[in-house]
Amino acid sequence: MGRPEKNTPSPAVINLKNKNVSNTNGTINFLTSILRTDMVKIEGADADYVLVQHIIGWKGQHGDGKGATDDSGGPGDDRSNSSPEVPLPAGGGERNTRAPHETRRRDAVSFHFAGAVSPGVGARQPPSPCDPEYTKIEAWLDEHPDFAQDYFIRKASRHMVDSWLVSHALPQHIAQALSSSEGAAPPASDGAAAAAQGSKASSGATTPVRKISAHEFEKGGLVKPIVTTIDGTPTFLSPSPHDHHLALMHKVRRKSRPELKGLDERELIFMLVKDIFNELDIRSLCHKILQNVSILTRADRCSLFLVQGEKDSPNRCLVSTLFDVSPDSTVEEMHEKEEIRIPWGSGIIGYVGETGAMLNIPDAYQDARFNHDVDAMTGYKTRSLLCMPIIDSSYEVIGVAQVINKKDGSCFTHADEKVFESYLQFCGISIKNAQLYERSQLEVKRNQVLLDLARIIFEEQSTIEQMVYRIMIHMQSLLQCVRVQILLTDERHSFSRVFDLEVNDMEAEDAETRTSPYEWRFPINIGITGLVANTGQTINIPDAYADERFDQETDKGTNFRHRSILCQAIRNTSGKILGVVQLINKFDNLAFTKNDENFLEAFAIFCGMGLHNTHMYEKAMTAIAKQNVTLDVLSYHATASKELALELKACKVPPASVLRLHDFKFDDFSLDDDGTLKACLRMFTDLDLIQRFHIDELVLCRWLLSVKKNYRDVTYHNWRHAFNVAQMMFVILTKTKWWKVLGEMECVALIIACLCHDLDHRGTNNSFQIRASSPLAQLYSTSTMEHHHFDQSLMILNTSGNRILSQCTSEEFSRIVAVLEEAILATDLAVYFKKRPEFFKLVSSGEYDWCKEEHRSQLRAMTMTACDIAAITKPWEVQKKVAELVANEFFEQGDIEKEKLKITPIDMMNRDKRDKLPAMQVNFIDTICLPVYENLAEVSSDLQPLLDGVKANRARWEALAAESCPENNNSLPQHRQ
């Protein structure tokens, strides 16, 4: 059932000196009958030998009736009148003048050195020279040499440059043949084609980076061997998918089979070893080995399997793309076949690979290890076979070679075994060298891809969101997975932000315009990501549900199922873990490979550098914004003078009873500004803060004056409001005796916080700052104004002449500042809504313990809110007046929003909706005020007057709302900081 052998003509020597290649039709007709593996010596080309691997002849040569050819110039010779001469293009930029119909002929000849392909099969043809548009473009390029040179420098591939070098270094007729066989358009054609696509003389500045998959870097993919140009420079050419490197560079003459048959065994092995020693392409090398083995053993079919996978790996196997090779097959024919994988230790091939033992089986069907299904699929019957391991220089099995069925029908002999073994020893070395070379090629390409990705990453460093988005897009494209998640960590290794990208996101309507990733969309498998964030180890899980570290609850309630997971830490240049990158579900239900791990590890380094640089950029922008804010503040405010402080110190301070500081119904309307300052001095004195912290009275007076001075003259959030908040804190601490519970450091921090909690308020809220993109909003992303108030209080506390805490120890100062910051931030209603559920739960359970810092922290936060909104508890006359002040400030902000931001303000900011004020006040009381005062009254009955005041005022506002808004519109305002 073997294939009949083709007649093998004798090798020929063709003299091409002083002849035009296009006029040698008879010669070409003769060459078409020569086997692909035979040699042709071209005299007149510096005595170089050229290996003709593919010579494609006329299709009519074997009986299609359209001019069959023979060597004597018969009917198919057509050398006298059939077609015009077709001069092949010389090197450089000369135009191709081949007639158009010659390219389209069915019987066209492709005379290709080192891997030709017939026209139209995988090769891109140059534009037709008869096209007027083509002529105009080329003329335009001739008139604009600067553009042509610029375009060539940026766009030309290394392959084009090498083709140019070859064409200008070889003799003219050889250059013509090479240019024809390569089918590559000269640089001018590339430039012309590019110029035809654009309308501008400028060649453009950017070119999108080509997308590439990590699959291309798996073993055996993408790599072509290195060659040397005429000038001796090593280069990586970029041949077409069907081409191999130029055999002209090898200068190895391969003897024909009749010549090989005349050699003795030693000379034969030497010649066949010489044939493979310079071959670095692993596929071509293995194909040569098999063809040479068939010569040595006179076998009809051969196969070669290479070991894939690490030792002791469960996935180790033997892989072949060169299975069932016959002596007259080509590499291209084998390339079209599917890859065959044989598990390690399975069958005859697996047995030889695992044991390293040779097998000579005279009758395959009598051996239990033989797989009969192979013959059934191929239709080829295996009789005898000889199977032998290929050993490298380290005595490791790197492959298995197998020959089948001697041509004379006999079995393989002991002599066949010896010659087979001798030749495979050299083959093992050659295969190992080719594999090492292939890995070096992979590293070159891998580095190029990473450099391209690094360039993309470092082009955008303005924000974390944009940086992460670009990282995720290219990571998903490179590693071919369904989901990518990047989880950034804080100092405690908990996840502060989680970005995610799904493959479907790239097809969304906003995919082209989107500049930031989605956040917190998908559940997180904390067991895996948390482990990587804490240990830094890489986790590759082929089956998530088979791994105990994966929490299967993650998938519950979703339409998604985790299969394969690859998780790795992202580090900065100092090795600190910045976050975790997690890839989920590789395409085609595959597991992530070691190659994926290596790629992700290298890529994570660039990610870490990019994130670190972005952090540094944001810090620099923050510093600039802080500087702008500081300059703005300093331009408006100044520290109080010492003279004013001396005047205040000389004043007599009335007792608390005279000032009514212990009264929940206190109001400041009867006091002037100096009276409020004296009242503050009284509060510090009665709480014994001056004595406890050894505060100099002059320093305290100057500090109070500086705080008052740093409040802007806005309608409501001014010094008077701060003073009233401090008075309410004073009465709560004294009435409830909480000053004993909290201690002196927390008490002084709370009083300072109340006086400073709205420092430098601009009469606008946090959302306005964000919408207006103010420097404050750039400086603080959350609790914008509250952070600014705290920074201002620290600035004053650290200003010379205002350091009221200068006598504290460093521990005391740190503790007071920490409580101060927490208290000021607590006045942000967003923080209040976040914290109050825990406090309410604590109160309802009755399990609070004020000895615990966590419980005291919640109490301080709720008390700060109660003091900040305490105007709602005052007598009706006071409450109504304060409510009007608040509303007017809101309306002023609404006016600014209309005028400058060109937006319609919400109802409580809209002056046109002021008739809804009573209804909005009722809503404000119900949603914010009542809950906090009810719970505080539950903790201490001494605070019941506050709750009673709220309820009384609610009844008044509800009555007004019923009068002014019969439809009971509940679009009510919210108190804001």
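Reading the values: rules and limits
Residues numbered from 1 in each chain as written. Predicted model: local features only at pLDDT ≥ 70, side-chain atom pairs only at ≥ 80, totals over all residues. Heavy atoms only, no water. Helix = DSSP H or I, 4+ residues; strand = E, 2+ residues; numbered from the N terminus. Buried < 20%, exposed > 50% of the residue type's maximum accessible area, 1.4 Å probe, protein only. Contact = heavy atoms within 4.5 Å. Areas by Shrake-Rupley, 256 points an atom, 1.4 Å probe, with all protein chains shown as cover. UniProt positions renumbered as here; feature names shortened; annotations may be inferred. Polar contact = N/O pair within 3.5 Å; in protein donor to acceptor, adjacent residues only side chain to side chain. pLDDT = per-residue confidence, 0-100. Pairing = 2+ DSSP bridges. Axes fitted to C-alpha atoms, helices over the stretch in contact; angles between N-to-C directions. Patch = residues over 30% accessible without salt bridge, like charges linked within 9 Å, V, L, I, M, F, W, Y side chains within 5 Å. Salt bridge = Lys/Arg side-chain N within 4 Å of Asp/Glu carboxyl O. Core = buried A, V, L, I, M, F, W, Y, C linked by side-chain atoms within 4.5 Å. Expected span 1.5 Å × (residues − 1). Nonpolar A, V, L, I, M, F, W, Y, C, P; charged D, E, K, R; others polar. Phe/Tyr/Trp six-rings, centres within 6.5 Å; stacked < 30°, edge-to-face > 60°. Lys NZ or Arg CZ within 6 Å of the ring centre and 35° of its normal.

### Structural notes on the overall build of the protein chain
Thinking step 1. Helices and strands together make up the secondary structure of the protein chain, namely 34 helices and 19 strands.
Thinking step 2. For the protein chain, with 977 residues in total, the buried portion stands at 49%.
Thinking step 3. Pairs at least 24 residues apart make up 69% of the contacts formed inside the protein chain by residues separated by at least 6 positions.
Thinking step 4. Taken as a whole, the protein chain presents about 46500 Å² of accessible surface, with 51% of it coming from carbon and sulfur.

### A few points about the UniProt feature "binding site: Zn(2+) 2" (unreviewed entry) in the protein chain
Thinking step 1. When the UniProt feature table is mapped to this numbering, "binding site: Zn(2+) 2" (unreviewed entry) covers Asp758.
Thinking step 2. Apart from residues lying up to four places away in sequence, aspartate 758 is in contact with Tyr711, His717, His721 and His789.

### With respect to the side chain of histidine 789
Thinking step 1. Inspection of the secondary structure assignment puts histidine 789 in helix 28 (residues 784-797).
Thinking step 2. If sequence neighbours within four positions are ignored, histidine 789 has contacts with Cys756, His757, Asp758, Leu759, His761 and Ile824.

### Considerations on the UniProt feature "binding site: AMP" (unreviewed entry) in the protein chain
Thinking step 1. Per the UniProt annotation, the sites labelled "binding site: AMP" (unreviewed entry) are His717, Asn718, Trp719, Arg720, His721, Asp758, Asp868 and Gln921.
Thinking step 2. Examined against the element boundaries, histidine 717 turns out to sit in the loop between helix 22 (697-709) and helix 23 (719-736).
Thinking step 3. Look at histidine 717 and you get buried, because its relative accessible area is 1%.
Thinking step 4. At 2.6 Å, the side chain of histidine 717 and the side chain of glutamate 889 are in polar contact.

### Some details on the confidence of the model for the protein chain
Thinking step 1. In the predicted model, the protein chain carries a mean pLDDT of 74, and the fraction of residues at 70 or more is 68%.
Thinking step 2. Contacts of residues 1-126 to residues separated by more than four positions or lying in other chains number 215 contacts, the stretch itself having pLDDT below 50.
Thinking step 3. In the model, residues 219-253 has pLDDT below 50 throughout and makes 102 contacts with residues more than four positions away in sequence or in other chains.

### Things to note about the sheet that holds strand 13 (residues 397-406)
Thinking step 1. Overall, antiparallel pairing links the 6 strands, which are arranged 10-9-8-13-12-11 in an open sheet. The open sheet terminates on both sides in strands that have one partner only, identified here as strand 10 (340-343) and strand 11 (359-361). With direction set aside, neighbouring strand axes in the sheet form an average angle of 20 degrees.
Thinking step 2. Where strand 9 (residues 317-325) lies against strand 10, 4 bridges are found, and the strand directions are antiparallel. Looking at the pairing, valine 319 lines up with arginine 341 of strand 10.

### Overview of the pairing of strand 19 (residues 577-586)
Thinking step 1. By the criterion of burial, strand 19 is predominantly enclosed, with 10 of the 10 residues buried.
Thinking step 2. Two elements, strand 14 (residues 481-489) and strand 19, share 7 bridges in a ladder whose sense is antiparallel. Pairing of isoleucine 486 across the sheet is with valine 581, part of strand 19.
Thinking step 3. Where strand 18 (residues 565-571) meets strand 19, 7 bridges bridge the pair, whose relative direction is antiparallel. Across the sheet, leucine 566 pairs through a bridge with leucine 583, a residue of strand 19.
Thinking step 4. As consecutive antiparallel partners, strand 18 and strand 19 are separated by 5 residues, and within that stretch glycine 575 has a phi angle of approximately 90 degrees, a positive value.

### Looking at a nonpolar patch on the surface
Thinking step 1. Together, Tyr617, Met621 and Ile624 give the surface a local cluster of nonpolar side chains, amounting to about 260 Å² of exposed area.
Thinking step 2. One can find methionine 621 in helix 17 (residues 594-636).

### A closer look at the pattern of salt bridges
Thinking step 1. Taken as a whole and judged by the stated rule, the model has 31 salt bridges.
Thinking step 2. Measuring nitrogen to oxygen at the nearest pair gives 3.5 Å for the salt bridge that ties arginine 154 to aspartate 150. With arginine 154 and aspartate 150 both in helix 4 (residues 145-155) and 4 residues apart, this pair spans about one turn of that helix.
Thinking step 3. Glutamate 597 is paired through a salt bridge with lysine 594; the nearest N and O atoms lie 3.7 Å apart. Separated by 3 residues within a single helix, glutamate 597 and lysine 594 lie in helix 17, roughly one turn from each other.
Thinking step 4. We classify glutamate 597 as buried; its relative accessible area is 17%.
Thinking step 5. One salt-bridge network, in which partners are shared between bridges, spans Glu746, Arg815, Glu822, Glu853, Arg856 and Arg860.

### Observations regarding the nonpolar core
Thinking step 1. Phe684, Trp703 and Tyr933 are the most contacted members of the largest nonpolar core, which totals 100 residues.
Thinking step 2. The residues touching tyrosine 933, leaving out its near neighbours within four places in the chain, are Ala866, Ile869, Ala870, Ile872, Thr873, Leu946, Leu947 and Val950.
Thinking step 3. Counting 31 residues, the second largest nonpolar core, distinct from the first, contains Ala454, Ile464, Val484 and Phe599.

### As for helix 29 (residues 810-825)
Owing to its 3.6 residues per turn, the α-helix brings residues three or four apart onto one side.
Thinking step 1. Taking 1.5 Å of rise per residue, 16 residues should cover 22 Å, and helix 29 covers 23 Å from first to last C-alpha, within 8% of that figure.
Thinking step 2. Those residues of helix 29 not exposed but buried are Glu812, Ile816, Val817, Val819, Leu820, Ala823, Ile824 and Leu825.
Thinking step 3. For helix 29, the elements touching its buried residues are helix 21 (689-692), helix 25 (744-756), helix 28, helix 30 (829-845) and helix 31 (853-868).

### A word on the packing of helix 22 against helix 25
Thinking step 1. Packing of helix 22 against helix 25 brings their axes to within 10 Å, and their N-to-C directions diverge by 35 degrees. Taken together, the residues of helix 25 that come into contact with helix 22 (itself represented by Trp703, Leu704 and Val707) are Ile752, Leu755 and Cys756.
Thinking step 2. Of the residues assigned to the contact of helix 22 with helix 25, the class counts are 6 nonpolar, no polar and no charged.

### Looking at unusual backbone geometry
As a rule of thumb, non-glycine residues mostly have phi less than zero, and peptide bonds are mostly trans rather than cis.
Thinking step 1. The phi torsion at arginine 298 lies on the positive side, around 55 degrees, for a residue other than glycine.
Thinking step 2. Residue placement: arginine 298 occurs in the loop between helix 10 (282-297) and strand 8 (299-308).

### Here's the deal with the environment of cysteine 651
Thinking step 1. Among the structural elements, cysteine 651 can be located in the loop between helix 18 (642-650) and helix 19 (656-659).
Thinking step 2. With relative accessibility at 32%, the residue cysteine 651 sits in the partly exposed group.
Thinking step 3. As for cysteine 651 and aspartate 674, which are separated by 23 residues in sequence, their C-alpha atoms are 9.3 Å apart.

### Section: the packing of aromatic side chains
Thinking step 1. Here the structure, examined in full by the defined rule, presents 11 aromatic pairs.
Thinking step 2. Each ring, one from tryptophan 876 and one from tryptophan 957, has its centre 5.0 Å from the other, and the planes form 70 degrees; the classification is edge-to-face. In this pair, tryptophan 876 is assigned in helix 32 (residues 876-901) and tryptophan 957 in helix 34 (residues 944-964), connecting sequence segments 81 residues apart. With respect to burial, tryptophan 876 and tryptophan 957 carry one shared label: buried.
Thinking step 3. Taken together through their ring pairs, the aromatic side chains of Trp140, Phe147 and Tyr151 make up a single cluster.
Thinking step 4. A cation sits over an aromatic face here: arginine 316 above tryptophan 344, 4.4 Å from the ring centre.
Thinking step 5. The lysine or arginine in question, lysine 881, covers the ring of phenylalanine 669, its NZ or CZ lying 4.1 Å from the ring centre.

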